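Take a look at the letters that make up each chain.
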2 protein chains.
Amino acid sequence: MARRTGRRPGNPDTREAILAAARSAFAERGFDAASIRGIATAAGVDPALVHHYFGTKEDLFRATVDIPIDPAQLLPTVLGAGPDGAGERLVRAFLGVWDSPVGAAAVALLRSAVSNEWTARLMREFLVTQVLRRVLDHLDLDPAELPLRGSLVATQVIGLAMMRYVIRLEPVASADPETLVAAIGPTVQRYLTGDITGDLAG
Amino acid sequence: MARRTGRRPGNPDTREAILAAARSAFAERGFDAASIRGIATAAGVDPALVHHYFGTKEDLFRATVDIPIDPAQLLPTVLGAGPDGAGERLVRAFLGVWDSPVGAAAVALLRSAVSNEWTARLMREFLVTQVLRRVLDHLDLDPAELPLRGSLVATQVIGLAMMRYVIRLEPVASADPETLVAAIGPTVQRYLTGDITGDLAG
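Residues numbered from 1 in each chain as written. Chains lettered and ligands numbered in written order. Predicted model: local features only at pLDDT ≥ 70, side-chain atom pairs only at ≥ 80, totals over all residues. Heavy atoms only, no water.

As recorded by an unreviewed UniProt entry, chain A carries the name TetR family transcriptional regulator and is attributed to Micromonospora sicca.

Structure, rendered in structure tokens:
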């Protein structure tokens, strides 16, 4: 992935044409079905040029949503230590990213996703294919439960981002990250590995 | 509260002037500090006319955020049965409102709050004074912990609304309400009455 840093920015018009084609493809067809070849055709360039400018399909997708963080690099560190405490480590890692200068791009994506159906689709694809799928791949869980577990994690983590950065509800907005890790980590842990069928509810 | 139904809509220009003054007052000063008297003065009308058109300060506030549900009527039913199972009953009640035709107004407020700082302030005030404060008043809890408990509940409930109605992430978007009650109810219960200091986290 280090080569990404050295990749030339390329012709601005060509780059923008590729990004526009990629946004349409990812939003319309989803990350999995969209292809570099199809995006290149729509942008009127050679597929090799797409790879040259943007790297892998994952890299291109992150460029379309303007997220400079690569979950593929961040998440193995968070989840490599196994399922115990994964919820707390995940909340800590999320807050580390969102609280950093880079987090402004994530907040901008969240704002945009709320007002724009196109961006909402891109954000959904990003959550599912770049974040949740990787999180769940690291944990040994019943495959039938993975989609619900993943989307429950998203309700809690995105809700935290909404209250802390967008609505700015106190005391969550100014709370020390470790206070939030202690309070919310167990929720994410239960969504990942615990009982989510609510036996107590009958 | 029944008299609200029979209240005359009044002169449209006067109503709109009162609503505009109320929006400014609630967003700038917050619900508690804003007064009917101040709002009436800003709108150039007599305070009695504000009461006549809109009822109580709570009624006026709900009119400014265009939410036709009165949490003061809904929440006692949800919480009257005591703290046991309050989390599940609260999630069930929220889904009942948001899934109903009335929920469209709540989703619209959420969308607007994300793109508009003014609306974000109104939504914050609504959550704190109309929803969370009432929820917490019904439960016998350490007053020092109430603000954090309330805002944690907000992260989960608003995150659920974001994923189910705005981002529409599956399977949460189409899940049976009781599936979500079973999965998310225990989270809200822990935020309301459980340990949120994460002793396990050391």
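The structure having been displayed, the exposition proceeds.
**Student:** Account for the overall build of chain A, naming residues and giving values.
**Tutor:** For chain A, the count of helices and strands is 11 helices and 0 strands. Listed N to C, the secondary structure of chain A is α-α-α-α-α-α-α-α-α-α-α in terms of helices and strands. Computed over C-alpha atoms, the radius of gyration of chain A comes to 18 Å, within 12% of the 17 Å expected from 2.2 N^0.38 for 202 residues, which places it in the range of a compact globule. With respect to the three principal axes, the spread of C-alpha positions in chain A is 55 × 35 × 35 Å. Within chain A, contacts between residues at least 6 apart in sequence are counted, and of these 70% link residues at least 24 apart. (Helix = DSSP H or I, 4+ residues; strand = E, 2+ residues; numbered from the N terminus. Rg over C-alpha atoms; globule rule 2.2 N^0.38 Å. Contact = heavy atoms within 4.5 Å.)

**Student:** Can you tell me about the domain arrangement of chain A, naming the residues and giving the values?
**Tutor:** Residue and element names in this part refer to chain A. Segmentation of chain A into domains returns domain 1 (9-64) and domain 2 (71-195). Computed from C-alpha atoms alone, the centre-to-centre distance between domain 1 and domain 2 is 26 Å. Taken residue by residue, the interface counts 11 residues in domain 1 and 10 residues in domain 2. Carbon and sulfur atoms supply 65% of the area buried between domain 1 and domain 2, which totals about 950 Å² over both sides. On the domain 1 side of the contact with domain 2, A27, F61 and R62 bury the most area, a combined 47% of that side's loss. For the interface between domain 1 and domain 2, the tally reads 1 salt bridge. Ionic pairing is found between R133 and D32, a salt bridge with its closest N-O pair at 2.8 Å. Counting every contact that joins domain 1 to domain 2 gives 2 residue pairs in polar contact (both at pLDDT 80 or more). Those elements that provide at least two residues to the side of domain 1 that touches domain 2 are helix 2 (12-29) and helix 5 (57-64). It is helix 2 that contributes the most residues to the side of domain 1 that touches domain 2, 5 residues altogether. Tallied by class, residues from the side of domain 1 that touches domain 2 come to 4 nonpolar, 2 polar and 5 charged. (Domains from an automatic or database assignment. Buried area = accessible area lost by both parts, 1.4 Å probe. Salt bridge = Lys/Arg side-chain N within 4 Å of Asp/Glu carboxyl O. Polar contact = N/O pair within 3.5 Å; in protein donor to acceptor, adjacent residues only side chain to side chain. Nonpolar A, V, L, I, M, F, W, Y, C, P; charged D, E, K, R; others polar.)

**Student:** Just give me the short version of the interface of chain A and chain B, but keep the residues and values in it.
**Tutor:** In many reports, interface size means the accessible area that the parts give up when they come together. In this assembly, 45 residues from chain A lie in contact with 44 residues from chain B. Buried surface at the junction of chain A and chain B, both sides included, amounts to about 3500 Å², of which 69% is carbon and sulfur. Considering only the side of chain A, the residues that lose the most area to chain B are V114, I167 and L169 of chain A, jointly responsible for 17% of the buried surface there. Our enumeration of links across chain A and chain B arrives at 0 salt bridges. Here chain A and chain B share 14 residue pairs in polar contact (both at pLDDT 80 or more) between them. Elements represented by at least two residues in the side of chain A that touches chain B include exactly helix 8 (103-115), helix 9 (117-137), helix 10 (146-166) and helix 11 (177-193) of chain A.

**Student:** Describe the packing of aromatic side chains, naming the residues involved and giving the relevant values.
**Tutor:** In the structure shown here, the tally under the stated rule is 11 aromatic pairs over all chains. Each ring, one from F31 of chain A and one from F61 of chain A, has its centre 5.3 Å from the other, and the planes form 45°; the classification is tilted. With F31 of chain A in the loop between helix 2 and helix 3 (36-43) and F61 of chain A in helix 5, this residue pair connects regions lying 30 residues apart in the sequence. The pair F31 of chain A / F61 of chain A is uniform in exposure class, with both members buried. For the pair F61 of chain B and F126 of chain B, a centre-to-centre distance of 5.9 Å together with 45° between the ring planes defines the contact as tilted. Separated by 65 residues along the polypeptide, F61 of chain B in helix 5 (residues 57-64) and F126 of chain B in helix 9 (residues 117-137) bring together distant segments of the chain. There is no split in this pair, since F61 of chain B and F126 of chain B are both buried. Each residue in the set F26, F31, F61 and F126 of chain A is aromatic and connected to the rest through ring pairs, giving one cluster. (Phe/Tyr/Trp six-rings, centres within 6.5 Å; stacked < 30°, edge-to-face > 60°. Buried < 20%, exposed > 50% of the residue type's maximum accessible area, 1.4 Å probe, protein only.)

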